[in-house]
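# What the coordinates show
In case you want the letters, here they are:
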Amino acid sequence: VKPRLSTNCIRIIIVLVISHIDEVRSVLAPVRHASRIIGFVPTMGALHAGHLRLIDEAAKTSDSVVVSIFVNPPQFTEQQDYQAYPRQIETDMALCRSHGVDVLFAPAIEEVYPQPNCAWIEVASVSEQLCGKFRPGHFRGVATVVMKLFQMVQPDRAYFGEKDAQQLSVIRRMVRDLNVPVAIVGVPTVRESDGLAISSRNARLSDTERAIAPALYRALQCAAQQIQAGTTSPEDVKRAAMAVLEAEPRIEVEYFEIVDPEEMQAVPVVRGTVRIAAAIRLGPVRLIDNILVSRPELNLIE
Ligand code: PAF
């Protein structure tokens, strides 16, 4: 991989597909030695507009862009979900090529998890809230694989979607607490025109479920409006938002919470900036979403 050429040069775009750890390190060594910024987008593949936004952001702010594709078994709570996860490496390669990715790193499971794998990363507290309550071991699997990938790629910056806000908080905390020299960049959620957050799971919704799914975003917006209108009781905010979800009998709510954006702990009173986060089940699909809401004008008075 050559350090990226200046933007007014013509770049011949070749995505290098690498599956071995020593290879990815040696390919990136000259970029690192030239003090060029390596931007990294870890993914599980099946790339969609949300991933492409991360890649575009990495391409804008880094000299070389590395994307990893690795479907990580330990972060799946159900074996069936792991098996069903879409794999489409050819399509992903073409998307990487058209979005300026320099290296596509797709390690085999044996390289990532030599057996027995005895070292795991547990990020206490922030992992235990929200999704952590419903998906035991999920964030341990995410934190461990992200740390492993950071050791393999050794990026300067890594890009994660705000749609998975709790994952982003877990990773920020891991990097801070373990002094990992990687800057974590959060990238805003990409939505369909009806507000549904883009996710690889959306493809598993039936037509009827797809028509119902935007109720999740409407409920988040309803909560945000309550907060902006001055409601400070989380229970009152949640009651209004839950009415939106309850109007759709096929939606099963896993959680709907108003939390502080760093620790992801439910707040006793709404003030300052909060994150409204929710998870629902719709047919066979679990959907999550969240939005950040601030009431700065009230802070001045309080
Ligand atoms: O967000 C994802 O796709 C995954 O959780 C990640 C960060 C690639 C780890 O497997």
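Cut-offs applied
Residues numbered from 1 in each chain as written. Predicted model: local features only at pLDDT ≥ 70, side-chain atom pairs only at ≥ 80, totals over all residues. Heavy atoms only, no water. Near = heavy atom within 4 Å. Polar contact = N/O pair within 3.5 Å; in protein donor to acceptor, adjacent residues only side chain to side chain. Areas by Shrake-Rupley, 256 points an atom, 1.4 Å probe, with all protein chains shown as cover. Helix = DSSP H or I, 4+ residues; strand = E, 2+ residues; numbered from the N terminus. Nonpolar A, V, L, I, M, F, W, Y, C, P; charged D, E, K, R; others polar. Phe/Tyr/Trp six-rings, centres within 6.5 Å; stacked < 30°, edge-to-face > 60°. Buried < 20%, exposed > 50% of the residue type's maximum accessible area, 1.4 Å probe, protein only. Lys NZ or Arg CZ within 6 Å of the ring centre and 35° of its normal. pLDDT = per-residue confidence, 0-100. Contact = heavy atoms within 4.5 Å. Pairing = 2+ DSSP bridges. Axes fitted to C-alpha atoms, helices over the stretch in contact; angles between N-to-C directions. Parallel < 35°, antiparallel > 145°, perpendicular 65-115°, else oblique. Left-handed = near helix turned anticlockwise from the far one by under 90°.

## Concerning the site of the ligand
Around the ligand, the neighbouring residues are Pro 42, Thr 43, Met 44, Gln 75, Val 145, Val 146, Phe 160 and Gln 167. Between Gln 75 and the ligand, the recorded distance is 2.6 Å, taken from a side-chain N or O atom to an oxygen atom. Gln 167 places a side-chain nitrogen or oxygen 2.7 Å from an oxygen atom of the ligand. Relative to its free-state accessible area of 290 Å², the ligand is covered by the protein chains to the extent of 90%. At the level of secondary structure, the elements contributing two or more residues to the shell around the ligand comprise β2 (38–43) and α7 (138–153). Residues belonging to the shell around the ligand are distributed by class as follows: five nonpolar, three polar and no charged.

## A short note on the packing of aromatic side chains
Summed over all chains, the structure comprises six aromatic pairs. Look at Phe 76 and Tyr 82: their rings are 5.5 Å apart centre to centre, the planes differ by 65°, and that puts the pair in the edge-to-face class. Ring centres of Phe 76 and Tyr 85 lie 5.8 Å apart, and the angle between their planes is 75°; this geometry places the pair in the edge-to-face category. In terms of burial, Phe 76 and Tyr 85 fall into one category: buried. Of the aromatic side chains, those joined through ring pairs into one cluster are Phe 70, Tyr 113 and Trp 120. The ring of Tyr 82 has Arg 87 sitting right over it, with the charged end atom 4.9 Å from the ring centre.

## So, the confidence of the model for the protein chain
Chain-level pLDDT for the protein chain is 93 on average; 93% of the residues reach the 70-or-more range. Here residues 5–12 is modelled with pLDDT under 50, and outside its nearest four sequence neighbours on either side it reaches five contacts, counting other chains as well.

## Focus on the sheet that holds strand β8 (residues 273–282)
What the three strands build is an open sheet, ordered β7-β8-β9; its pairing is antiparallel. Whereas interior strands pair on both sides, the edge strands pair on one side only; in this sheet they are β7 (251–259) and β9 (285–294). When strand polarity is set aside, the average angle formed by the axes of neighbouring strands in this sheet is 15°. Note that β7 and β8 share eight bridges and pair antiparallel. Among the inter-strand pairings, Val 253 is bridged to a residue of β8, identified as Ile 280. Along the sheet face, helix α10 (residues 215–228) touches β7, β8 and β9 and points at about 20° away from the line of β9.

## Observations regarding the packing of α7 against helix α8 (residues 165–177)
One way to put it is that α7 packs onto α8 with a least axis distance of 10 Å and a crossing angle of 55°. The orientation of α7 relative to α8 falls into the category oblique. Where α7 crosses over α8, the two elements pack in a sense that is right-handed. Counted together, Phe 139, Val 142, Ala 143, Val 146, Met 147 and Phe 150 of α7 and Gln 166, Gln 167, Val 170, Ile 171, Met 174 and Val 175 of α8 form the full contact between these two elements. By residue class, the composition of the contact of α7 with α8 is ten nonpolar, two polar and no charged.

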